[in-house]
Amino acid sequence: MKHPCLKIGLLMAVVLGSLSMVNAQNPGALEQGFKNPAGTARAKVYWWWLNGHTDTTLLKKELQSIKKAGLGGVDIFEIGFRLDGILAGPAFMGDESLKTITTAIKEATKLDLEVGLNLASSWNAGGSWVMPEYAAKSIYVSKIQVDQSARPGLKVPFPEIPKKDSRGKELLIQFGPDGKPVYRKEIAVLAIPVRAKNQHLDTARIIDVSRYFDTETETLNWKIPMGNWEIHRYVCSNSGDPLLVPSPNSVGPIIDHFDSTATEMHFMYFINRLQPVLGDFRKTALKNLYLASFEAKNALWTPTLADEFRRQNGYEIAKFLPYIFDKEAFDPTTTTRFRQDLNRTISELMINNHYRKGKEIANRYGLNLISESGGPGPPLHNVPVEAIKALGSLDVPRGEFWINNERLDETRDSVDLLMLVKEISAASHLYQRKITELEAFTSFQNWQEGPGDMRPVGDRAFCEGMSRVVVHGFTHNPTNEGFPGNVYHAGTHFNVKTTWWSKVKPFNDYLARVSYILQSTDFTADVLYYYGNKVPNFGTPKNSRFAVGTGYDYEIINTEKLMELRVENGMLVLPYGAKFKVLALDEIIGDDPHLMKKLGELALAGATITGPKPANVWGESQRLASQLWNGAGKYSGQKGGIFTVPALEILQKMNVEPDFDYPDKGSPRLDYMKESKPLLDFIHHKGASRDFYFIRNTSDKTVARLCSFRQANKVPELWDAVTGEIIPIPVFRQNGDHLEVPLTFGPHGSFFVVFQPGERKAVYQTVTSQTTHPPLFEYTTNGLRFLDNGKYKLTGKAKTREVKNDIQTKTIEGAWNIRFGKNWGAPETATFPALISWTESPVKGIAYYSGTGTYEKLFTYAKPVKQTGRIFLDLGKVGKVAEVWLNDKPLGITWTAPYRYDVTDAIQPGENSLRIEVINTWANRIIGDIREKENYTQTNLKVRASKQYLWSEAPLIESGLMGPVTLQTLRSFD
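Because the structure is predicted, anything quoted here is derived from the model rather than measured.

1. Some thoughts on the environment of alanine 815
Thinking step 1. Tracing the chain through its elements places alanine 815 in the loop between strand S41 (808-811) and strand S42 (816-820).
Thinking step 2. If we ignore the near neighbours within four places in the chain, the residues touching alanine 815 are Thr831, Phe832, Pro833 and Lys857.

2. Re the sheet that holds strand S15 (residues 468-475)
Thinking step 1. Read around the closed barrel, the eight strands follow the order S1-S2-S3-S11-S12-S13-S14-S15; overall the barrel is parallel. Neighbour to neighbour, the strand axes of the sheet diverge by 30° on average, direction disregarded.
Thinking step 2. Bridge count for strand S12 (residues 368-371) against strand S13 (residues 396-402) is two bridges, and the pairing is parallel. Residue pairing across strands places isoleucine 370 opposite valine 396, the latter belonging to S13.
Thinking step 3. Strands in contact with helix H5 (residues 95-110) are strand S1 (44-50), strand S2 (73-79), strand S3 (114-118) and strand S11 (286-291); relative to S1, the strand with the most contacts, it is inclined by about 155°.
Thinking step 4. Against the sheet, helix H13 (residues 505-520) makes contact with strand S14 (437-442) and S15, and its axis sits at roughly 145° relative to S15, the strand it touches most.

3. Regarding the packing of H5 against helix H6 (residues 260-278)
Thinking step 1. Viewed as axis vectors pointing N to C, H5 and H6 meet at an angle of 55°, and their least axial separation amounts to 11 Å. In terms of orientation, H5 and H6 fall into the oblique class. Relative to H6, the crossing made by H5 is right-handed. Residues Asp95, Leu98, Ile101, Thr102, Ile105 and Lys106 of H5 pack against Arg273, Leu274, Val277 and Leu278 of H6.
Thinking step 2. Per-class residue counts for the contact of H5 with H6 are six nonpolar, one polar and three charged.

4. Let's talk about H6
Thinking step 1. In a regular helix each residue adds 1.5 Å, so 19 residues correspond to 27 Å; H6 covers 26 Å between its end C-alpha atoms and thus fits that length.
Thinking step 2. All of the buried residues in H6 are Ala262, Thr263, Met265, His266, Phe267, Met268, Phe270, Ile271, Leu274 and Leu278.
Thinking step 3. Contacts from the buried residues of H6 go to H5, S3, S11, helix H9 (332-364) and S12.
Thinking step 4. Among the residues trailing H6, glycine 279 stands out with phi positive, at a value near 75°.

5. A closer look at the pattern of salt bridges
Thinking step 1. All chains considered together, the criterion is met by 63 salt bridges.
Thinking step 2. The closest approach of N and O atoms between aspartate 326 and arginine 195, which form a salt bridge, is 2.8 Å. With aspartate 326 in the loop between helix H8 (322-325) and H9 and arginine 195 in the loop between strand S6 (184-193) and strand S7 (207-208), this pair connects stretches of sequence that are 131 residues apart.
Thinking step 3. Here arginine 195 falls in the partly exposed class, since its relative accessible area comes to 31%.

6. Examining the packing of aromatic side chains
Ring pairs (aromatic) are described by centroid distance and by the angle formed between their planes.
Thinking step 1. Per the counting criterion, the structure on display carries 58 aromatic pairs.
Thinking step 2. Relative to tryptophan 129, the ring of phenylalanine 92 has its centre 6.5 Å away and its plane inclined at 40°; by these criteria the two rings are tilted. With phenylalanine 92 in the loop between S2 and H5 and tryptophan 129 in the loop between S3 and strand S4 (137-147), this pair connects stretches of sequence that are 37 residues apart.
Thinking step 3. Residue phenylalanine 92 is classed as buried on the basis of its relative accessible area of 5%.
Thinking step 4. Their ring planes at 85° and their centres at 4.9 Å tell us that phenylalanine 546 and tyrosine 554 sit as a pair that is edge-to-face. In this pair, the class of phenylalanine 546 matches that of tyrosine 554, namely buried.
Thinking step 5. Here the aromatic residues Phe34, Phe462, Phe692, Phe694, Trp719 and Phe752 are joined through ring pairs into a cluster of three or more.
Thinking step 6. The aromatic ring of phenylalanine 682 is capped on one face by lysine 542, whose charged end is 5.4 Å from the ring centroid.
Thinking step 7. Taking NZ or CZ as reference, lysine 857 lies 5.5 Å from the ring centre of tryptophan 816, over its face.

Here is what the cut-offs are and how they apply
- Residues numbered from 1 in each chain as written.
- Predicted model: local features only at pLDDT ≥ 70, side-chain atom pairs only at ≥ 80, totals over all residues.
- Heavy atoms only, no water.
- Helix = DSSP H or I, 4+ residues; strand = E, 2+ residues; numbered from the N terminus.
- Contact = heavy atoms within 4.5 Å.
- Pairing = 2+ DSSP bridges.
- Axes fitted to C-alpha atoms, helices over the stretch in contact; angles between N-to-C directions.
- Parallel < 35°, antiparallel > 145°, perpendicular 65-115°, else oblique.
- Left-handed = near helix turned anticlockwise from the far one by under 90°.
- Nonpolar A, V, L, I, M, F, W, Y, C, P; charged D, E, K, R; others polar.
- Expected span 1.5 Å × (residues − 1).
- Buried < 20%, exposed > 50% of the residue type's maximum accessible area, 1.4 Å probe, protein only.
- Salt bridge = Lys/Arg side-chain N within 4 Å of Asp/Glu carboxyl O.
- Phe/Tyr/Trp six-rings, centres within 6.5 Å; stacked < 30°, edge-to-face > 60°.
- Lys NZ or Arg CZ within 6 Å of the ring centre and 35° of its normal.

These values are about where atoms sit, not about what they do.
Next up, the structure:
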């Protein structure tokens, strides 16, 4: 459907920051935006173009389906993959490729979709157009041993440049007729005394003899002093790092990410190719250029590194070059100091010359720059940056998270290196980018999950700060033949050939509603956590290596933004207005007197700061640390100062109770790893004079808790992102500075609890039963709806009442007729005497069936003489997604527990017809094909079901309608 106000809509998408500010000041806009979110609230997808092989007709159809599914756009991402059934397409950004990209962008423009373009066929910026002077570079060394008998004119050989990497793969280095690389630059020639084994080098004895070296004759005209010496010749040349997995016709080197001229060449190559065929990008769907995560292995040098090192650190790098090839060349103290200086220099080069330069160029042409510039970092990948600063240099920072594929580091706390959300959101907040994008739902499990399985990990990411989903991923299939088709090996398979794709829009609506609120409001927390000045540096998942305590949250801050802090009435304040009560410090290393002086200024101005005394600092920083931490210890209510106790202890002494609290947290630990996790998780945002708490149930059981919010003189509401409903909460009680609200959460359920100024009094203050926790109930527009039978007491200031809840439940029993899709192994029709998983059927064609099963049944309903409640149809257990019609009236799609419908207006006395479509995943049919040597499915991924299982050993996934299907009459009490 062509948008009637296309130009206006596209311009609005560009000025999201301004739009969010309007929403934050306009409460009515927030409600409307929550119910019907649009624009950047809508999720995007990685649009994988495998091997660059595409079909423009099907590309257009996929975009139309993407729009219909409630998604907001795509990131075009060409990638190489095994040639088993996937043809090799044209070279990326060649004439044919450019035509296809242009066709896709023009079609997306008609559909009012947003397009991003990855700047490589693969990840790491680069391509076949990258000449040696712009390609990634490294440092190489040759060594000879001499003594004083050596005469001037000594030949120092050119370093050996490898043609293959350690795995035997070809490096992309161009060599000239002389056998030397085409690109080469001399760095330094050093004379180093030969040392005994286990003896460290002394920089005072290393002599830089570069000025005596003739580069043309490769001779050293220097008189050798007494003793034995090593002559080191250091040369910069190409590293040969290739694009990791390009399409077959798009092989090329990666660029020098530390060189601004290489960045400009690369960006302008794309712009100069695209602009003549697209015109003004602002009038098209192309909104973003994308740089995926940096995963180069050998890149280490750039011609400007030595000068930048001297500028930043005040000394020459030359005498320390031996460290690069021998990490134990110098004593531990010297090594630590140099490594920090080198890493910080490389980080600044990459941030300034690649990310900031790229953003500058993109913005010049009306485009945004998005990147995973923060990682995944070490030890997974060599990402040599201070992550938050790198992320903050973009228009939109992006991270990633995975489903069921943790990559744990080797620390005692087992931090998941693939849950990269908290630091991304911190960068978005600190640098006022408004959107925190996440490559979402990445996995190595193929066709295992439905939307309901994706929700818990997605909600976890929301609670760490995600505000826009980029689903990884949607694989383009350039043929209509075969299901589930060819896909990229990683990621949740989220495309038109997914079984449940036709019913995915309600899930996408859910993601959009949560994203809309988190984009339109501002994060709030009590503690500011400085994650130290070590480079590279990366923020870990929420409440892992750092935690305040359950019920409290924190913002991560880096050095650049810490230097912008000021103090107002004892609160730490950032330029955009965010305020924090405590600054908690992680490890500070090196000599950074500006940082130490800033901490002193903050403490003197009344800020409360806590953290261990820096132990690994030197120079001026060591003296300042001794002064600042002199007498530091316990906190006793002082106004300002530096302390060494946990931030939680300080908050408790300040009488700052948890922002969100509840009894029986279910975990003695604070982290969210599998070993232990709290029952409820939350994130707190503010906007339009309201407070938004997004809360999630981490368990697969329905639970109720008396939740306490640090709110006073506010009126609570429940905003349900599944349905878009906004429901008044009639039961609440002010208890000091906290407002108590009883809440019930379904299995892995979540919603917003919203507090706004108002005078609406609570109808009741408490709801109690015989249990420790509140009874299970729901808030409705007509009052409370209890979910269990029993007696309950509602107590308020104006009235108190006791109610007896009697749920009338009728199980729809008897046989069910089921129709299965043709040509997928199952009989066209079957009768189930009772509801079971398809996998329990003795008929193999049903046990291995994938697709839609349509259940049909006639049942009789006898309306009670005194019906006082509403009637609900509860499907029980569903695998994975269902859509229901009662008496031919559509009731909608259900994708997450509880699978339940209000059928009060659809059910009729006497005979009723019920039709339920249930869709599972492709996994069972693929397993059946492998076990039974059948060929119903066609895909390139017929070996592994997941990282854990081969298809031949993978368990079948419960599927279909498992019930019990019941009719329940539930009464509301006002």
